[in-house]
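For reference, the chains in residue letters:
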Amino acid sequence: MLPMSPKTMKLLAKPMLFAAALIWGTSFFIMKNALDVMPVFFLLAIRFTAGAALLALIAWKRWKHLTPDYLWRGAVIGGFLFLAYSIQTFGLALTTPSKNAFLTAVYCVLVPFLTWAVVKTRPDRYNIAAALLCVTGVGLVSLTEDLTVNAGDLLTLLCAVFYASHIVAVAKVSPGKDI
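Nothing here was measured: the structure is a model prediction, and the numbers come from that model.

Engineer: Teacher, can you tell me more about the overall build of the chain here?
Structural biologist: Along the chain, the regular secondary structure elements total seven helices and zero strands. Seen in sequence order, the chain has helices and strands lined up from the N terminus as α-α-α-α-α-α-α. When its C-alpha atoms are laid out on the principal axes, the chain stretches across 55 × 45 × 40 Å. Every one of the 179 residues in the chain was classed for burial, and the buried ones make up 27%. Taking contacts inside the chain between residues at least 6 apart in sequence as the whole, the part at least 24 apart equals 79%.

Quick look at the structure:
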């Protein structure tokens, strides 16, 4: 990949950020519609088989470095990712795409707290403030009039825990490795 000048990067930053948000956001609506015609694991199998094939084509030369050490690390990281995507997709079947997207993003504020549990690095006051704002937002989005949360929202919140666990696992088990 060719290096970009700072000027080019500055020009492309906002459009690329917008494109990333648009692609990420619309994927929830596409997945919700796809769930109307196919089961969760079939849909995930299609997505990840295509992704694995593409990745295999791109990275096939690196397979010569594959050792059992990579396999157990990949299994840990992949296990968390499997749980996150599976639970998220089951949650999406039971809630709206917009709530699923918002509640999935809770992983962002969970990462510092899971890192604290694993690496013993305490969250700072900004992490705590973000968590309080996040909990408020989750309450406003998910709580019904009788102060309950539907099953789809609960599953989506659980998937956020696994996405955060995936991020922490990547940081913990992949230093010095080509993941």
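Engineer: Is there a simple way to think about the packing of helix 2 (residues 40-59) against helix 3 (residues 68-93) in this case?
Structural biologist: How two helices pack is summed up by the angle between their axes together with the distance between the axes. One can describe the packing of helix 2 onto helix 3 by two numbers: an axis separation of 10 Å at closest approach and a directional angle of 130°. Taken together, the axes of helix 2 and helix 3 are oblique relative to one another. Crossing handedness for the pair helix 2 and helix 3: right-handed. Contact with helix 2, carried on its side by Val 40, Phe 41, Leu 44, Arg 47 and Phe 48, involves Phe 82, Tyr 85, Ser 86, Thr 89 and Phe 90 of helix 3 and no other residues of that element. Residue classes in the contact of helix 2 with helix 3 are distributed as seven nonpolar, two polar and one charged.

Engineer: Which parts of the structure should I look at to understand the environment of Val 149?
Structural biologist: Locating Val 149 in the fold gives a position in the loop between helix 6 (125-142) and helix 7 (151-173). Sequence-wise, Val 149 and Gly 139 are ten residues apart; in three dimensions their C-alpha atoms are separated by 8.9 Å. Among residues more than four places away in sequence, those in contact with Val 149 are Ser 142, Leu 143 and Leu 154.

Engineer: Honestly, the packing of aromatic side chains in this entry has me stumped. Any pointers?
Structural biologist: A ring pair, where both rings are aromatic, is described by two values, the distance of the centres and the angle of the planes. In total, this model carries seven aromatic pairs according to the counting rule given. On the numbers, 6.0 Å between centres and 50° between planes, the contact of Tyr 107 with Tyr 163 is tilted. With a gap of 56 residues between them, Tyr 107 in helix 5 (residues 107-119) and Tyr 163 in helix 7 connect regions that are remote in the sequence. According to the relative accessible area criterion, Tyr 107 is partly exposed, its value standing at 26%. The structure contains a cluster of three or more aromatic residues connected by ring pairs, namely Phe 48, Tyr 85, Tyr 107 and Tyr 163. Looking at Lys 177, its charged tip hangs above the ring of Tyr 70, at a distance of 5.1 Å from the centre.

Engineer: Would you explain a nonpolar patch on the surface in this entry?
Structural biologist: Residues Met 4, Met 9, Leu 11, Leu 12 and Met 16 make up a contiguous nonpolar surface patch of roughly 510 Å² in combined accessible area. Considering the arrangement of structural elements, one finds Met 16 in helix 1 (residues 6-35).

Engineer: Got a minute to help me understand the nonpolar core in this structure?
Structural biologist: If you look at soluble globular proteins, the nonpolar side chains tend to sit buried side by side. Among the nonpolar cores identified, the biggest contains seven residues, and these are Met 31, Ala 34, Leu 35, Val 40, Leu 43, Leu 44 and Leu 92. Of all the elements in the fold, those that place two or more residues in this core are helix 1 and helix 2. The contact partners of Leu 35, leaving out residues within four places of it in the chain, are Val 40, Leu 43, Thr 89, Leu 92 and Ala 93. Leu 103, Cys 134, Val 138 and Ala 160 belong to the second-largest nonpolar core, a separate cluster that totals six residues.

Cut-offs used in this document
Residues numbered from 1 in each chain as written. Predicted model: local features only at pLDDT ≥ 70, side-chain atom pairs only at ≥ 80, totals over all residues. Heavy atoms only, no water. Helix = DSSP H or I, 4+ residues; strand = E, 2+ residues; numbered from the N terminus. Buried < 20%, exposed > 50% of the residue type's maximum accessible area, 1.4 Å probe, protein only. Contact = heavy atoms within 4.5 Å. Axes fitted to C-alpha atoms, helices over the stretch in contact; angles between N-to-C directions. Parallel < 35°, antiparallel > 145°, perpendicular 65-115°, else oblique. Left-handed = near helix turned anticlockwise from the far one by under 90°. Nonpolar A, V, L, I, M, F, W, Y, C, P; charged D, E, K, R; others polar. Phe/Tyr/Trp six-rings, centres within 6.5 Å; stacked < 30°, edge-to-face > 60°. Lys NZ or Arg CZ within 6 Å of the ring centre and 35° of its normal. Patch = residues over 30% accessible without salt bridge, like charges linked within 9 Å, V, L, I, M, F, W, Y side chains within 5 Å. Areas by Shrake-Rupley, 256 points an atom, 1.4 Å probe, with all protein chains shown as cover. Salt bridge = Lys/Arg side-chain N within 4 Å of Asp/Glu carboxyl O. Core = buried A, V, L, I, M, F, W, Y, C linked by side-chain atoms within 4.5 Å.

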